[in-house]
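Residues per chain, in single letters:
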Amino acid sequence: MGARQSGTRRKDKGPLGRGLLRGRQKFSSWDDALLPGRDPRCLLKRGLRHVSFSLVTKGMTDAPDFLWGLSEMQKLNLSHNQLRAVPPELGKLTRLVVLNLCGNRLKTLPREVSLLQSLKVLFVHMNGLTELPAELGACRSLEVLSASHNCLSQLPASLADLSRLRKLNLSHNRFAHIPVCVFSLKELDFLHVGSNRLENIAESIQCLAGLQIFIAEGNHIHTFPRSLCLLTSLELLNLNNNDIQTLPAELYMLCRLTRIAWNPMDKGLHISRNPLSKPLPELLEGGLEMLVSYLKDRKHT
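Quick caveat: nothing in here was measured; it's all calculated off a predicted structure.

Parameters at a glance
Residues numbered from 1 in each chain as written. Predicted model: local features only at pLDDT ≥ 70, side-chain atom pairs only at ≥ 80, totals over all residues. Heavy atoms only, no water. Helix = DSSP H or I, 4+ residues; strand = E, 2+ residues; numbered from the N terminus. Buried < 20%, exposed > 50% of the residue type's maximum accessible area, 1.4 Å probe, protein only. Contact = heavy atoms within 4.5 Å. Areas by Shrake-Rupley, 256 points an atom, 1.4 Å probe, with all protein chains shown as cover. Phe/Tyr/Trp six-rings, centres within 6.5 Å; stacked < 30°, edge-to-face > 60°. Lys NZ or Arg CZ within 6 Å of the ring centre and 35° of its normal. Core = buried A, V, L, I, M, F, W, Y, C linked by side-chain atoms within 4.5 Å. Expected span 1.5 Å × (residues − 1). Arc of directions from axis to C-beta. Pairing = 2+ DSSP bridges. pLDDT = per-residue confidence, 0-100. Patch = residues over 30% accessible without salt bridge, like charges linked within 9 Å, V, L, I, M, F, W, Y side chains within 5 Å. Salt bridge = Lys/Arg side-chain N within 4 Å of Asp/Glu carboxyl O. Lys, Arg positive; Asp, Glu negative; His and termini not counted. Charge placed at Lys NZ, Arg CZ, Asp CG, Glu CD.

### Re the overall build of the protein chain
And step 1. When you go through the protein chain residue by residue, the secondary structure sums to 4 helices and 11 strands.
And step 2. The buried share of the protein chain, taken over its 301 residues, is 47%.
And step 3. For the protein chain, the proportion of contacts with a sequence separation of at least 24, taken over those separated by at least 6, is 31%.
And step 4. Within the structure as shown, the protein chain displays about 15,800 Å² of accessible surface, and the carbon and sulfur contribution to it stands at 51%.

Following this line, the structure appears as structure tokens:
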């Protein structure tokens, strides 16, 4: 009798137990961390080089508060959520080296970003940013800044202090000119300003002597400035889809551009889909060497 009752109780609990299990499976790992007795630090991934934490594609509108207590974290990925703001408490994560906030709904960043003195990589592309805080200029360790696909039309002058910045992506924004502060970034080797509203490239571009990749496709640029030919480290120059009609005789100075490039990923000179005057379109078909030879000869005639 007792055994049968015991069996009955087990049967009664079976469906309930399975229901709880199914319910528990719906919890994400960070939800579990909020349950009594759990330490959020157990969710940190400890690699050989970095301590990281990732909450990607969770549909979050707000980041969980426990994040800001994980002071040992070095890499934080909150990309592809629905975040509308990042709280000032971000500044508590002073050991952050990589911060990925791309694919959210951010309009700006907190001023406390200035406290992230170890930050080297910042991804804020694909948001709704209308500005970057002046305090970002205090992140002197920053080497990579991706701010493409936003609503930016200017940058704070303080970003000129990012003396270690090597890669800057400002494409798909609303810039009418390359921000002046960019020309102070002497360590830049990659600059992408494609798909903006640029009508010219300032002579100050020559200050970026170490630039290896420069992309300015999809703008309204009218002229190919001679100062661009002083960037002799360039290996990829993309001016596709602009309003350029002529090319400078000094093009030969860009000795690391070894060919006319047609594939977007290829190194070389990208100059297609421009209203080039004749016979330049035909010369492009003959390759870079033929084009450069023609430009030199024309200069001396």
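### What to know about the packing of aromatic side chains
And step 1. If you walk through the whole model with that rule in mind, you get 1 aromatic pair.
And step 2. For the ring pair F53 and F66, a centre distance of 6.0 Å and an interplane angle of 80° mean the geometry is edge-to-face. Of the two residues, F53 is situated in strand β2 (residues 51-54) and F66 in the loop between β2 and β3 (75-77); the sequence distance between them amounts to 13 residues. In this structure, F53 and F66 share a single accessibility class: buried.
And step 3. Positioned above the aromatic ring of Y252 is the side chain of K296, whose terminal nitrogen or guanidinium carbon lies 4.6 Å from the ring centre.

### Concerning the nonpolar core
And step 1. The biggest cluster of nonpolar side chains holds 82 residues, and the ones touching the most others in it are L67, F214, F224 and L291.
And step 2. Taken together, the elements giving at least two residues each to this core come down to β2, α3 (280-286) and α4 (288-299).
And step 3. If sequence neighbours within four positions are ignored, L67 has contacts with F53, L55, M73, L76, L78 and L93.

### Concerning α4
And step 1. Counted at 1.5 Å a residue, the expected span for α4 with its 12 residues is 16 Å, and the 17 Å between its end C-alpha atoms agrees.
And step 2. All of the buried residues in α4 are L288, L291, V292 and L295. Viewed end-on, α4 has its buried residues packed into an arc of 95°, placing them on one side of the element.
And step 3. Buried residues along α4 sit against β11 (268-270) and α3.

### Here's the deal with the sheet that holds strand β10 (residues 236-238)
And step 1. Across the sheet, which stays open at both edges, the 11 strands sit in the order β1-β2-β3-β4-β5-β6-β7-β8-β9-β10-β11 with mixed pairing between neighbours. Edge positions in the sheet fall to β1 (45-46) and β11, since each has one partner strand and no second.

### Considerations on the confidence of the model for the protein chain
Regions with low pLDDT should not have their predicted coordinates read in detail.
And step 1. The predicted model of the protein chain averages 89 in pLDDT, with 86% of residues at 70 or higher.
And step 2. Every residue in residues 1-27 scores below 50 in pLDDT, and together they form 3 contacts with partners more than four places removed in sequence or on other chains.

### Quick look at a positive patch on the surface
And step 1. On the surface, a cluster of positive charge is made up of R84, R105, K107, R174 and R197.
And step 2. Relative to the helices and strands, K107 resides in the loop between β4 (98-100) and β5 (121-123).

### What about the environment of L109?
And step 1. Summarising the element assignment, L109 is placed in the loop between β4 and β5.
And step 2. Remark: the alpha-carbon pair of L109 and A85, spanning 24 residues in sequence, is separated by 7.2 Å.
And step 3. If sequence neighbours within four positions are ignored, L109 has contacts with L101, L122, V124, L132 and P133.

### Topic: the pattern of salt bridges
And step 1. Under the defined criterion, the tally for this structure stands at 9 salt bridges.
And step 2. Close ionic contact of R46 with E72 constitutes a salt bridge, the shortest N to O distance being 2.9 Å. Linking R46 in strand β1 with E72 in the loop between β2 and β3, this pair joins segments that are 26 residues apart in sequence.
And step 3. One network of salt bridges, in which partners are shared, links E143, R166, K167 and D189.

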